[in-house]
Amino acid sequence: MKHLFLVNPAAGKRGSTEALLRRVEEAFSPLGLEHEVVLTSSAGDAEQLARRAACSGGPVRIYACGGDGTLNEVVNGAAGYPNAAVTNVPKGTGNDFLRIFGANYAARFSDLAALSRGPQAAFDLMDCNGKLGIGVICAGVDARVAADVHRYKRLPLVTGPGAYLLSLGVNVLLTDIARPTVVQAGLDRLEEETSIICICNGRYYGGGFMPVGDAQPDDGVLDMVVVPRVSRFTFFRLVGAYAKGRYRSYPEVIRHFHGPAFSFSSPEELVAVIDGEVMRAKSFTVRISERKVAFFYPGDLDYRGEN
């Protein structure tokens, strides 16, 4: 078994890459495990490196060292290869997918020795216009907020939290939060303006939002919630309930669908964010992929949560 660490040096705080490299050697060298550490240099590197390792045919465990975006790249590279398994070592500003493993996920997934010998499970993947995702896809005002954070981070003197607040203010307070859409969920068709469209294979996104608390990454179906046009007052009044998965308490404004495939479109360009990665199109189709990915995790954790 080979252990391949794909490290995103741009993720995390200053010095986090050097600290991680030391932890890898401290954990793996005494065990005599074959391991390799590769630092990525540009977007897409982790996907290409993961695919190359998976194509080799030998058993390999691939550690995506970064945030949800790094994990997404590794998943896209290793999906469908039975000899390859992936995991996520938390290093980025957001590791929302790992939250399904409980409150102590950050410490446990940072224990590299325990992680190396952990069990693995076959997880479903979402196919969104040909791109694979393992966690959550959002395509409403929340997606536009997330997408614009990167743009505002480039402004002088604007920090990460400041960029988020600036994006939130512009997208929620200064522009229209809804877009005209047609949503197809099985036999159900919604043709209206929508504020939020969120499709879950995992359970968390946006730093801890959990729209569907009983979504499972291995049950072969997806969960979608749709929020139609609402006033800003209603939006802020219900955002806490939405974030805690209380959609059943507000069926008149938070609609829930359960199935293997959904689609949504608009005459305007839509922004969709899949595991933190931004996509733009006027039409999206999201379905359970034929490919799965083996995901390994510390043996004392469980991803199923409380239904």
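Up top is the structure.
Once a new chain begins, its residue numbering starts again from 1 and follows that chain's sequence as written. Under the rules for a predicted model, residues below a pLDDT of 70 receive no local features and side-chain atom pairs below 80 are neither given nor counted, while totals for whole chains, interfaces and linings still include all residues. Side-chain numbers come from the whole structure's heavy atoms, not from hydrogens or water.

### Focus: the overall build of the chain
Logical step 1: Of the regular secondary structure elements, the chain holds eight helices and 15 strands.
Logical step 2: The C-alpha radius of gyration computed for the chain amounts to 19 Å, which stays within 12% of the reference 19 Å derived for 307 residues, consistent with globular compactness.
Logical step 3: Once the C-alpha set of the chain is aligned to its principal axes, its extents read approximately 60 × 45 × 35 Å.
Logical step 4: Note on exposure labels: buried denotes an accessible area under 20% of the residue type's maximum, exposed denotes more than 50%, and partly exposed covers the range between, all computed with a 1.4 Å probe on protein chains only. For the chain, with 307 residues in total, the buried portion stands at 53%. Numbering goes from the N terminus for both helices and strands, where a helix is a DSSP run of H or I of at least four residues and a strand is a run of E of at least two. Computation of the radius of gyration draws on C-alpha atoms, with the globule rule given as 2.2 Å multiplied by the number of residues to the power 0.38.

### What about the sheet that holds strand β1 (residues 2–7)?
Logical step 1: Spatially, the six strands line up as an open sheet ordered β2-β1-β3-β4-β15-β5, and their pairing is mixed. Pairing within the sheet leaves two strands with one partner each, and these edge strands are β2 (35–39) and β5 (120–123). Shown here is a sheet whose adjacent strand axes are inclined to one another by a mean of 30°, direction ignored.
Logical step 2: Here, a strand pair is defined by DSSP locating no fewer than two bridges between the strands. Pairing between β1 and strand β3 (residues 60–66): six bridges, direction parallel. Helix axes are fitted to C-alpha atoms over the stretch in contact, other axes to C-alpha atoms as well, and angles between N-to-C directions run from 0 to 180 degrees.

### Some thoughts on the packing of helix α2 (residues 45–55) against helix α3 (residues 68–78)
Logical step 1: Interhelical geometry of α2 versus α3 gives an angle of 35° and a closest axis separation of 7 Å. For the pair α2 and α3, the crossing hand works out as right-handed. The residues of α3 that touch α2, namely those facing D45, A46, E47, A50, R51 and A54, are E73, V74, N76, G77 and A78.
Logical step 2: In this count, Pro and Cys sit with the nonpolar residues alongside Ala, Val, Leu, Ile, Met, Phe, Trp and Tyr, while Asp, Glu, Lys and Arg are called charged and the others, Gly among them, polar. Across the contact of α2 with α3, the residue classes tally to five nonpolar, two polar and four charged. The handedness criterion is simple: a crossing whose near helix is rotated anticlockwise from the far helix by less than a right angle is left-handed, and one whose near helix is rotated clockwise is right-handed. A contact between two residues is defined here by any heavy atoms of the two lying within 4.5 Å.

### Looking at the packing of aromatic side chains
Logical step 1: Think of it this way: a Phe, Tyr or Trp ring, Trp meaning its six-membered ring, pairs with another when their centres are within 6.5 Å, and the plane angle makes it stacked under 30 degrees, edge-to-face over 60, tilted otherwise. Under the counting rule described, the total for this entry stands at 18 aromatic pairs.
Logical step 2: Residues F5 and Y63 carry aromatic rings whose centres are separated by 4.1 Å and whose planes lie at 15° to one another, so their mutual orientation is stacked. Separated by 58 residues along the polypeptide, F5 in strand β1 and Y63 in strand β3 bring together distant segments of the chain.
Logical step 3: Considering the side-chain rings of F109 and F295, the 6.4 Å spacing of their centres and the 55° angle between planes classify their relative orientation as tilted. Of this pair, F109 sits in helix α4 (residues 105–109) while F295 sits in strand β15 (residues 293–296), placing them 186 residues apart in sequence.
Logical step 4: A residue is classified by how much of its surface remains accessible, and F109, at 0% relative accessible area, is buried.

### A closer look at the pattern of salt bridges
Any two side chains of opposite charge can pair, on the condition that their charged atoms come close.
Logical step 1: When a carboxyl oxygen of Asp or Glu is within 4 Å of a side-chain nitrogen of Lys or Arg, the pair counts as a salt bridge. This model, assessed by the stated rule, comprises 14 salt bridges.
Logical step 2: Here K292 ties to D124 by a salt bridge, and the two come within 2.4 Å at their closest N and O atoms. With a gap of 168 residues between them, K292 in the loop between β14 (277–288) and β15 and D124 in the loop between β5 and β6 (126–128) connect regions that are remote in the sequence.
Logical step 3: Here R248 makes a salt bridge to D214, at a shortest N to O gap of 2.7 Å. You can see R248 sitting in the loop between α8 (232–243) and β12 (255–259) and its partner D214 sitting in the loop between β10 (188–200) and β11 (222–228), a full 34 residues away along the chain.
Logical step 4: Taking the relative accessible area as the measure of exposure, R248 reaches 59% and is therefore exposed.
Logical step 5: Judged by its relative accessible area of 25%, D214 is partly exposed.
Logical step 6: Salt bridges sharing common partners tie together R108, D111 and D300.

### Details of the state of the cysteines
Logical step 1: Throughout, disulfides are identified as pairs of cysteine sulfur atoms within 2.5 Å of each other. As enumerated under the stated definition, the model contains zero disulfides in all.
Logical step 2: In this structure C128 is a free cysteine whose sulfur lies 10 Å from that of C138, the closest cysteine sulfur available.
Logical step 3: We classify C128 as buried; its relative accessible area is 0%.

### Observations regarding α2
Logical step 1: Residues of α2 that are buried: D45, A46, A50, A53 and A54. Across the axial projection of α2, the buried residues extend over an arc of 155°, all falling on one side.
Logical step 2: Within two residues after α2, G57 carries a phi angle of roughly 95°, on the positive side. The arc in question is the one spanned by the directions pointing from the helix axis to the C-beta atoms.

### Regarding unusual backbone geometry
Logical step 1: Phi is positive for N129, close to 50°, though the residue is something other than glycine.
Logical step 2: For N129, the position within the fold is in the loop between β6 and β7 (131–133).
Logical step 3: Since its relative accessible area comes to 40%, N129 is described here as partly exposed.
Logical step 4: Its identity is not glycine, yet D275 carries a phi of approximately 50°, on the positive side.

### Comments concerning the side chain of R144
Logical step 1: Mapped onto the fold, R144 is located in helix α6 (residues 141–153).
Logical step 2: Positive: Lys, Arg. Negative: Asp, Glu. His and the chain ends are not part of the count. Despite being buried, R144 has no salt bridge partner; D176 is the closest side chain of opposite charge, sitting 6.6 Å away.

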